[in-house]
Amino acid sequence: MHVILGASGKIGRTTIAALRKAGAPVRAVLRDPSQAPAFSELGCEIAIADLNDRQALAAAMSGAHSVQVICPVDIRADHAHSRIQGLIDSLAEALASANPQTILAISDYGAEQSSGTGVTLLFYALEARLRKLDSRLIFLRSAEHMENWGRLAKVAAESDRLPSFYHPLTKLLPTVSAFDVGAIAAELLLEDKNTKLRIVHAEGPQRYTPNDVAAAIGFLTGREVVALPVPQTEWQAALMRAGLSEGYAKLLVELYVAHNAGRIDAEPGVGEIWRGKTELIDALRPLLAASS
């Protein structure tokens, strides 16, 4: 039995669809019971649990051969770091109780670094906590999701300007579609190699610059779109205007600084790199179509 936490998200849904297509048994863990029918139609068992409820989580994982975990981040939480640390502790205790043979954790590029990476430090904490468990571990470190450009892509489609926190505009960035991450996760769960720790980096077929993103948006909208760097002094205010809490905005500012310094990448000489098939323009196309 494969137990998938975060079943309703892009990654979870894609993992589940691939596992069910392969005929593998799946238990989808949901927080909202109203989402259950869609997963029942796929042939999944259903468990209802909140990540903060350790007993419900442990029950949801009962009898699991493997568990796929992901820690959601509340961008509006005032104390984002402490909130996520609490979720990590709750999750790890539930996993220790269930003791599945394999745990696949959705992690992040740069998760091996212990300081100065903002939001990515949460994934460092997740990996460190899971290493204390007896289960075999797969850390699936994901490059930034192409879909994260969605909100800015809509702004660019209306204004012909793509704001970028990445400097310079010619910087090649590792990115991947969230749906490809879910598909890779399913492949890894089905392989289930007998290794205590496996680290896999997931990114797309090629890397893109902010200028490439602007060009893709321009191609899809039939407009001339240019990327413009946002001065670092304006990052915090811009992120908070977009609805992020002050604490989460600070974590993102630190992450962008680390990105621009070249610190967020596949860990050199460690693990494997698996490449998704989705090109940036194909990830952006449905996002822009939805806004038109």
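Each remark here, short or long, concerns the structure printed above.
Residues numbered from 1 in each chain as written. Predicted model: local features only at pLDDT ≥ 70, side-chain atom pairs only at ≥ 80, totals over all residues. Heavy atoms only, no water.

A. Summary view of the overall build of the chain. The number of helices and strands found in the chain is 11 helices and 12 strands. For the chain, the C-alpha radius of gyration of 19 Å lies close to 19 Å, the compact-globule estimate for 292 residues. Oriented by its inertia axes, the alpha-carbon framework of the chain measures out at about 55 × 40 × 40 Å. By residue count, 50% of the 292 residues in the chain fall in the buried class. Within the chain, residue pairs in contact and separated by at least 24 positions form 76% of the contacts whose partners lie at least 6 positions apart. Here the chain contributes 29 positively and 32 negatively charged side chains, and the mean placements of these two sets differ by 1 Å. (Helix = DSSP H or I, 4+ residues; strand = E, 2+ residues; numbered from the N terminus. Rg over C-alpha atoms; globule rule 2.2 N^0.38 Å. Buried < 20%, exposed > 50% of the residue type's maximum accessible area, 1.4 Å probe, protein only. Contact = heavy atoms within 4.5 Å. Lys, Arg positive; Asp, Glu negative; His and termini not counted. Charge placed at Lys NZ, Arg CZ, Asp CG, Glu CD.)

B. Local environment of the sheet that holds strand β5 (residues 102-108). Read from one edge of the open sheet, 8 strands run β3-β2-β1-β4-β5-β6-β10-β12, paired in parallel fashion. Looking at which strands have only one partner, the edges of the open sheet turn out to be β3 (45-48) and β12 (272-275). Neighbour to neighbour, the strand axes of the sheet diverge by 20° on average, direction disregarded. Alignment of strand β4 (residues 66-69) against β5, held across 4 bridges, turns out to be parallel. For Ser66, the partnering residue across the bridge sits in β5 and is Thr102. Of the strands in this sheet, β1 (2-4), β2 (26-30), β4 and β5 touch helix α1 (residues 10-21), which is tilted by about 160° from β1. Helix-sheet contacts for helix α7 (residues 178-191) involve β1, β4, β5, β6 (136-142), β10 (197-203) and β12, and the interaxial angle to β6 is about 160°. (Pairing = 2+ DSSP bridges. Axes fitted to C-alpha atoms, helices over the stretch in contact; angles between N-to-C directions.)

C. The arrangement of the packing of aromatic side chains in detail. With the rule as written, the count across this model stands at 5 aromatic pairs. Pairing Phe165 with Tyr256 gives two aromatic rings, centres 5.0 Å apart and planes at 20°, and the pair type is stacked. One end of the pair, Phe165, is in the loop between β8 (161-164) and β9 (175-176); the other, Tyr256, is in helix α10 (residues 246-260), and 91 residues separate them in sequence. Its relative accessible area of 8% is what places Phe165 among the buried residues. (Phe/Tyr/Trp six-rings, centres within 6.5 Å; stacked < 30°, edge-to-face > 60°.)

D. Representation of the pattern of salt bridges. Tallied over the entire structure, the rule returns 15 salt bridges. A salt bridge links Arg131 to Glu127; the shortest N-O distance between them is 3.9 Å. Here Arg198 and Glu191 are joined by a salt bridge, their closest N and O atoms 3.0 Å apart. By relative accessible area, which is 6% here, Arg198 ends up buried. A cluster of three or more residues bridged by salt bridges with shared partners is formed by Glu112, Glu127, Arg131, Arg141 and Glu267. (Salt bridge = Lys/Arg side-chain N within 4 Å of Asp/Glu carboxyl O.)

E. Region of interest: the packing of α1 against α7. Closest axis-to-axis distance for the α1/α7 pair is 7 Å, and the angle between their directions is 45°. Between α1 and α7, the angle falls in the class oblique. As α1 runs across α7, the sense of the crossing is right-handed. Residues Lys10, Ile11, Thr14, Thr15, Ala18 and Leu19 of α1 form the contact with α7, whose own contacting residues are Ala178, Phe179, Val181, Gly182, Ala183, Ala185, Ala186, Leu189 and Leu190. (Parallel < 35°, antiparallel > 145°, perpendicular 65-115°, else oblique. Left-handed = near helix turned anticlockwise from the far one by under 90°.)

F. Structural view of the nonpolar core. Among the nonpolar cores identified, the biggest contains 97 residues, and Leu5, Leu130, Leu140 and Leu162 are the most heavily contacted of them. Take this core: its biggest share by element is 8 residues, from α10. With near-sequence residues (within four places) excluded, Leu162 lies in contact with Trp149, Leu152, Ala153, Ala156, Pro210, Val213, Ala214, Ile217, Val225, Val226, Ala227 and Leu228. (Core = buried A, V, L, I, M, F, W, Y, C linked by side-chain atoms within 4.5 Å.)

G. Structural context of the side chain of Thr120. Among the structural elements, Thr120 can be located in the loop between β5 and α5 (121-130). Here the side chain of Thr120 touches Asp108 through a polar contact of 3.0 Å, side chain to side chain. If near-sequence neighbours (up to four positions away) are discounted, Thr120 is found in contact with Asp108, Tyr109, Gly110, Ala111, Leu255 and Ile264. (Polar contact = N/O pair within 3.5 Å; in protein donor to acceptor, adjacent residues only side chain to side chain.)

H. Summary view of unusual backbone geometry. His167 connects to Pro168 through a cis peptide bond whose omega is -10°. Summarising the element assignment, Pro168 is placed in the loop between β8 and β9. Of note in the backbone geometry, Asn99 takes a positive phi value of approximately 50° without being a glycine. Its place among the elements puts Asn99 in the loop between α4 (80-98) and β5. Exposure remark for Asn99: the relative accessible area of 45% places this residue in the partly exposed category. In this structure, Asp160 is a non-glycine residue whose phi angle is positive, near 70°. Positionally, Asp160 belongs in the loop between α6 (150-159) and β8.

Shape descriptors only; they carry no functional weight alone.
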